[in-house]
Amino acid sequence: MQKKRKSWNLILLGLLLFLVLIIITAVSLGAVEIPLGHVIKIILAKIPFLKELTQISDVGVHETIIFKIRLPRVLLAGLVGLALATSGTVFQALLKNPMADPYVIGISSGASLGATLGLVLDLEFEFLALNTIPLFAFLGAVITVFIVYKLAQVGDKISVSTLLLAGVAVGAFLSALVSLLMVFNNDSMQQIVYWMMGSLSSKGWQQVEMIWLYIIGGYIIIHLFAKDLNVLLLGAETAQSLGLEVEFLKKILLVTASLLAGAAVAGSGIIGFVGLIIPHLVRLLVGPDHRILIPSSALVGAIFLISTDIFARTVIAPTEIPVGIITSLFGGPFFLYLLNKKKKTAGF
Amino acid sequence: MRSKIEVEALSYKYDQLKVLEDINFSMQQGEFIGLIGPNGSGKSTLLKNINSKFKPQQGLVYLDGDNLHQLDKKELARNLAVVPQSTEINFDFTVEEIVLMGRTPYIERFSSEQEEDFAIAKEVMKLTNTFDLKDRYINQLSGGERQRVIVARSLAQNPEVLLLDEPTSNLDINYQLEIMNLLKRLNHEQELTILVVLHDLNLAAKYCDKLLLIDQGQIHSFGTPQEIITSENISEVYGSEVTVKYHYPDNTPYVTLIDQQYIPQSKLEHKIHLICGGGTGRELMEQLVKKGYQLSCGVVNKQDSDWEMATSYNIETVIEEPFAPISEAKHQQNLNKIKTAETVILTEVPIGNGNLFNLKAALWAAKQGKEVIVVNGHNIEERDYTSGAGSELFKQLLQQEIKEVEDTVSTLKAIDEIIKN
């Protein structure tokens, strides 16, 4: 077990290094290429105490590009990826269903309706130093998860197939409502279209500031309950007989995972399938124990979305592909692959 | 001795449906109690009320004298462990990881497993014979292995009470016995108090100290297997006709179903009188009852194993006092029974002075023109304890118009022929 702990730490350290590397790479790539070494120097220069160690000449333009345009976008991608992957891991565990993901079960659509309503009704304001749009997205997410959950509930059991069907149906309905809102509000049309497709384009510090606290806070809560998620996988009855407050746990995890999904949607619109693919891949690599699965998924989620965003804005530059389209291009076939695999083996 | 678990006037409703009503019973430390009853009688619900999954609308459950439903969940989990009905786990956890999860009630929120937890996990894996499996994935084990792992996990809770909900369902017979033997061992060696829901009455009777028979949400009866497993109780609660036999030497009751197959009318109307004793009639009796013949029996002594069988099948029987010679009066009663029968069968009953009348009855029947079947697979002299009188009578009987057969199978054939003619 000590050996396992050690290997867990190594995995996390490796992922963390990789994340830093990918952030730097992402910042350096773009219409104006900034050499990697330069990027490192400019970023280090912003950190107190390290400032004296670096000598930088010719900062002006590059610094502006990095700090005004690229870094916030990269950070946003990382935060959204982290939130979606963590949320997906939690939903998969809670529903004991490998197909669960905030996008597939309609939560992202609910969040997007909440956020759109907030924008259209002009309810964006500061509340306790927090932006209200993520709150609306979160409300939309929670209400949707509640409806889908209730629809799939037979007795005290959740029917997996009903859950997926209900998620798809509710998601489609809510997306239609968002489209309807667009029709009536021509002026915010552009914004909402991008919302529906999921894009990180022209996002900046404003979005990062809006959602980072929700996402980091939500992640910490999930992280603390990782051990309980393991026990919940054994079934509600067993979890209860092992001394867990099952109902309380289910509620807090469901709400927190919805908050994460809601915040992600508020930041970048609907980006599908990240919450589905990442937990799966990571589970194959590190096993089902949530004490390693949760942090690994979070880091891999961040790495994945940052990489995808690099691809989205460089592959046919100067035109950008909304990143949600790319994740769905990957995610759709992956989902089919899972379905096919599930036919052969019953388990995860 | 104070009760380990005490259930007091417990009633439980699910929606408006009364599932349990006024349940009262207690378990002493170290008792091994089986919970039996038909499907839907409320066995599992009672178990879930005791493990605090369900909260009863009325009544209380005490654990060591404390109200169980007010105990802290973790505190409860350290005293009482549950093996649920469904143990399917669809994740690649290893056996050791699963067993370690049994330590959950001992681990604080912000810490992880300590040396002690690993030591205990190892100990319970050894105890349940799962240590060799510790690095295998739980979803790759056989049903029996997985069930042992789940028991190991519940033992890692270090409980004093273990509740199990049908731990042997879906298992092959060898695994069923393995699990029950494991429970019995834990019950003896660890003084674990065990309450187990079982479907299989014979398994329950064999392993449990006491049985609690539940019928429609109420306790029908509570006592030793000998007291509970009776054909009356089973027919009352399960509505099916069974015979109960008792295993030698520990007197464990054993239930056999009387299958209600289609029986042709000609058989149903045919009356047979069986002259037997000393266990020589058991096999025939069982076969004849199953085949639907109207059967009477006599004269047998009370407590004789033929008497036991005849009573469990409710066969009309002429009964003599235990070990007493057949009296003139009983003999007359026997002849009266023979009068109403169409066929009379004499088994290979040992002949003593006490039951010479039975031989005379057979002879009388033959002379009356009844169809008489005489089982004679072994020499009469080997079972004649009358210094010749019995053999003499038997020879006379063989000279009558009777059918002589060797065993049960040829007896049944002979009866078939009689019916055909």
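Residues numbered from 1 in each chain as written. Chains lettered and ligands numbered in written order. Predicted model: local features only at pLDDT ≥ 70, side-chain atom pairs only at ≥ 80, totals over all residues.

Enquirer: Would you take a moment to explain the overall build of chain B for this structure?
Expert: When helices and strands are counted, chain B shows 16 helices and 18 strands. Relative to its length of 421 residues, chain B is extended, with a C-alpha radius of gyration of 29 Å against a globular reference of 22 Å. Overall, the C-alpha framework of chain B stretches about 95 × 45 × 40 Å when taken along its three principal axes. Looking at chain B as a whole, 42% of its 421 residues are labelled buried. Across chain B, contacts joining residues at least 24 apart in sequence account for 66% of those joining residues at least 6 apart. (Helix = DSSP H or I, 4+ residues; strand = E, 2+ residues; numbered from the N terminus. Rg over C-alpha atoms; globule rule 2.2 N^0.38 Å. Buried ≥ 20, exposed ≤ 12 C-beta atoms within 10 Å, placed from the backbone. Contact = placed C-beta atoms within 7 Å.)

Enquirer: In this structure, what is going on with the overall build of chain A? I would like to understand it.
Expert: Along the backbone of chain A there are 14 helices and four strands. Here chain A, with 348 residues, has 47% of them falling under the buried criterion.

Enquirer: Looking at this structure, I do not really get the domain arrangement of chain B. What am I missing?
Expert: Quoted interface sizes are often the accessible area lost when the parts come together. Its domain assignment divides chain B into domain 1 (3–256) and domain 2 (265–420). Computed over C-alpha atoms only, the centres of domain 1 of chain B and domain 2 of chain B are separated by 48 Å. (Domains from an automatic or database assignment.)

Enquirer: Help me understand the UniProt feature "transmembrane region" (unreviewed entry) in chain A in this model?
Expert: As annotated by UniProt and renumbered to match this structure, "transmembrane region" (unreviewed entry) occupies residues 74–95, 102–121, 127–151, 163–184, 204–226, 252–280, 292–312 and 321–339 of chain A. Structurally, residues 204–226 of chain A is divided into 91% helix and 0% strand, and its ends, taken at the C-alpha atoms, are 32 Å apart. (UniProt positions renumbered as here; feature names shortened; annotations may be inferred.)

Enquirer: Would you take a moment to explain unusual backbone geometry for this structure?
Expert: Most peptide bonds adopt trans geometry, and most residues besides glycine take a negative phi value. Residue and element names in this part refer to chain B. In this structure, the amide linkage connecting Gly298 to the following residue, Val299, adopts the cis form with an omega of -20 degrees. Considering the arrangement of structural elements, one finds Val299 in strand E14 (residues 294–301). A positive phi is found at Asp22, a non-glycine position, where the angle reads about 50 degrees. Phi at Asp64 is positive, roughly 50 degrees, even though this residue is not glycine. With respect to the secondary-structure elements, Asp64 resides in the loop between strand E4 (58–63) and strand E5 (66–67). You can call Asp64 partly exposed: it has 15 C-beta atoms within 10 Å.

Enquirer: Would you mind going over the UniProt feature "domain: ABC transporter" (unreviewed entry) in chain B with me for this structure?
Expert: Residues annotated in UniProt with the feature "domain: ABC transporter" (unreviewed entry) correspond here to residues 5–241 of chain B. Strand forms 26% of residues 5–241 of chain B and helix 36%; the C-alpha atoms that close the span are 34 Å apart.

Enquirer: It is not clear to me how the interface of chain B and chain A should be interpreted in this structure. Could you clarify?
Expert: Facing 23 residues of chain B, the contacting portion of chain A comprises 20 residues. Taken together, the elements giving at least two residues each to the side of chain B that touches chain A come down to helix H2 (73–79), strand E6 (80–83) and helix H3 (95–101) of chain B. Ranked by residues supplied to the side of chain B that touches chain A, first place goes to H2 of chain B with four residues. Here the residues of the side of chain B that touches chain A sort into 11 nonpolar, six polar and six charged. (Nonpolar A, V, L, I, M, F, W, Y, C, P; charged D, E, K, R; others polar.)

Enquirer: Got a minute to help me understand the pairing of strand E11 (residues 242–246) of chain B in this structure?
Expert: Along any regular strand the residues' side chains alternate between the sheet's two faces. Residues and elements named next belong to chain B. Judged from the five bridges that link them, E11 and strand E12 (residues 253–257) form a sheet pairing that is antiparallel. The residue of E12 that forms the bridge with Tyr246 is Pro253. Remark: six residues form the turn of the hairpin made by E11 and E12, two consecutive strands paired antiparallel; Asn251 in that turn has positive phi of roughly 65 degrees. (Pairing = 2+ DSSP bridges.)

Enquirer: When you look at the nonpolar core in this model, what are you seeing that I'm missing?
Expert: Counting 164 residues, the largest nonpolar core has Ala83, Ala137, Ala261 and Ala263 of chain A together with Leu35 and Val99 of chain B as its most contacted members. Top contributing element to this core by residue count: helix H3 (residues 60–94) of chain A, with 16 residues. Contacts of Ala261 of chain A, omitting those with residues within four sequence positions, involve Ala83, Leu84, Ser87, Pro102, Ile107, Ser108, Ala111 and Ala141 of chain A. With 41 residues, the next largest nonpolar core counts Trp307, Ala310, Val375 and Ile402 of chain B among its residues. (Core = buried A, V, L, I, M, F, W, Y, C linked by C-beta atoms within 7 Å.)

Enquirer: For this particular structure, what's the right way to read the environment of Gly277 of chain B?
Expert: For Gly277 of chain B, the position within the fold is in the loop between strand E13 (271–275) and helix H11 (282–291). Assessed through the 26 C-beta atoms surrounding it within 10 Å, Gly277 of chain B is described here as buried.

Enquirer: Just to check I follow, could you spell out helix H4 (residues 107–120) of chain A for this structure?
Expert: All names here are of chain A. Between its first and last C-alpha atoms H4 spans 20 Å; for 14 residues at 1.5 Å apiece the expected length is 20 Å, and the two agree. With 11 of 14 residues buried, H4 is to be regarded as a mostly interior element. Of the residues making up H4, those classed as buried are Ile107, Ser108, Ser109, Gly110, Ala111, Ser112, Leu113, Gly114, Ala115, Thr116 and Gly118. (Expected span 1.5 Å × (residues − 1).)

Enquirer: Before we go on, may I ask you to explain the sheet that holds strand E18 (residues 403–405) of chain B in this structure?
Expert: Sheets are built from strands paired through backbone hydrogen bonds, the pairs being either parallel or antiparallel. Residue and element names in this part refer to chain B. A sheet is described by the order of its strands in space; here six strands give the open sequence E15-E14-E13-E16-E17-E18, paired in parallel fashion. Here the strands that pair on one side only, and so sit at the sheet edges, are strand E15 (316–320) and E18. Put simply, the sheet's adjacent strands are angled 15 degrees from each other on average, direction ignored. In this structure, E13 lies alongside E14, joined through four bridges in parallel fashion. Looking at E14, one finds that Lys271 is bridged to Gln294. (Axes fitted to C-alpha atoms, helices over the stretch in contact; angles between N-to-C directions.)

Enquirer: What exactly am I supposed to notice about the environment of Ile229 of chain B here?
Expert: Residue and element names in this part refer to chain B. Along the chain, Ile229 falls in the loop between helix H8 (225–228) and helix H9 (231–238). By C-beta crowding, Ile229 is classed as buried, having 24 other C-beta atoms within 10 Å. Here the alpha-carbon distance between Ile229 and Pro322, two residues 93 residues apart in the chain, equals 25 Å.

Enquirer: Which parts of the structure should I look at to understand the packing of H3 of chain A against helix H8 (residues 205–224) of chain A?
Expert: Geometrically, a packed helix pair is captured by the angle between its two axes and the distance between the axes. Residue and element names in this part refer to chain A. H8 packs onto H3 with a crossing angle of 30 degrees between their chain directions and a minimal axis gap of 9 Å. When the interaxial angle is binned, H3 and H8 end up roughly parallel. In this structure, H3 crosses over H8, and the sense of that crossing is left-handed. Here Pro72, Leu75, Leu76, Leu79, Leu82, Ala83, Thr86 and Val90 of H3 come into contact with H8, specifically with Trp205, Gln207, Val208, Ile211, Trp212, Ile215, Gly218, Tyr219 and Ile222. Looking at side-chain class alone, the contact of H3 with H8 contains 14 nonpolar, three polar and no charged residues. (Parallel < 35°, antiparallel > 145°, perpendicular 65-115°, else oblique. Left-handed = near helix turned anticlockwise from the far one by under 90°.)

Enquirer: When you look at the sheet that holds E5 of chain B in this model, what are you seeing that I'm missing?
Expert: Residue and element names in this part refer to chain B. Spatially, the four strands line up as an open sheet ordered E2-E1-E4-E5, and their pairing is antiparallel. Edge positions in the sheet fall to strand E2 (17–28) and E5, since each has one partner strand and no second. In this structure, strand E1 (residues 3–14) lies alongside E2, joined through eight bridges in antiparallel fashion. Following the sheet pairing, Val7 is matched in E2 by Phe25.

Enquirer: I would appreciate a short explanation of H11 of chain B in the present structure.
Expert: Since the α-helix turns once every 3.6 residues, residues separated by three or four places project in the same direction. Residue and element names in this part refer to chain B. For H11, the set of buried residues is Leu284, Met285, Leu288 and Val289. The buried residues of H11 occupy one face: seen down the axis, they fall within an arc of 125 degrees. Summarising the contacts, the buried residues of H11 are in contact with E13, E14, helix H12 (305–312), strand E16 (343–346) and helix H16 (408–420). Positive phi appears at Gly292, one or two residues downstream of H11, with a value of about 95 degrees. (Arc of directions from axis to C-beta.)

Enquirer: Sorry if this is basic, but what is going on with the confidence of the model for chain B here?
Expert: Predicted coordinates in regions of low pLDDT should not be interpreted in detail. Model confidence for chain B is summarised by a mean pLDDT of 88, while 99% of its residues fall at 70 or above. Two numbers describe this predicted complex: its pTM, 0.74, and its ipTM, 0.78. (pLDDT = per-residue confidence, 0-100.)

Enquirer: For this particular structure, what's the right way to read the packing of H3 of chain A against helix H12 (residues 274–286) of chain A?
Expert: All names here are of chain A. Axis separation between H3 and H12 bottoms out at 7 Å; the angle between their running directions is 70 degrees. Here H3 is positioned roughly perpendicular relative to H12, judged by the angle of their axes. Facing Gly81, Leu84, Ala85, Ser87, Gly88, Thr89 and Gln92 of H3, the residues of H12 in contact are Val274, Gly275, Leu276, Ile278 and Pro279. A per-class count over the contact of H3 with H12 returns six nonpolar, six polar and no charged.

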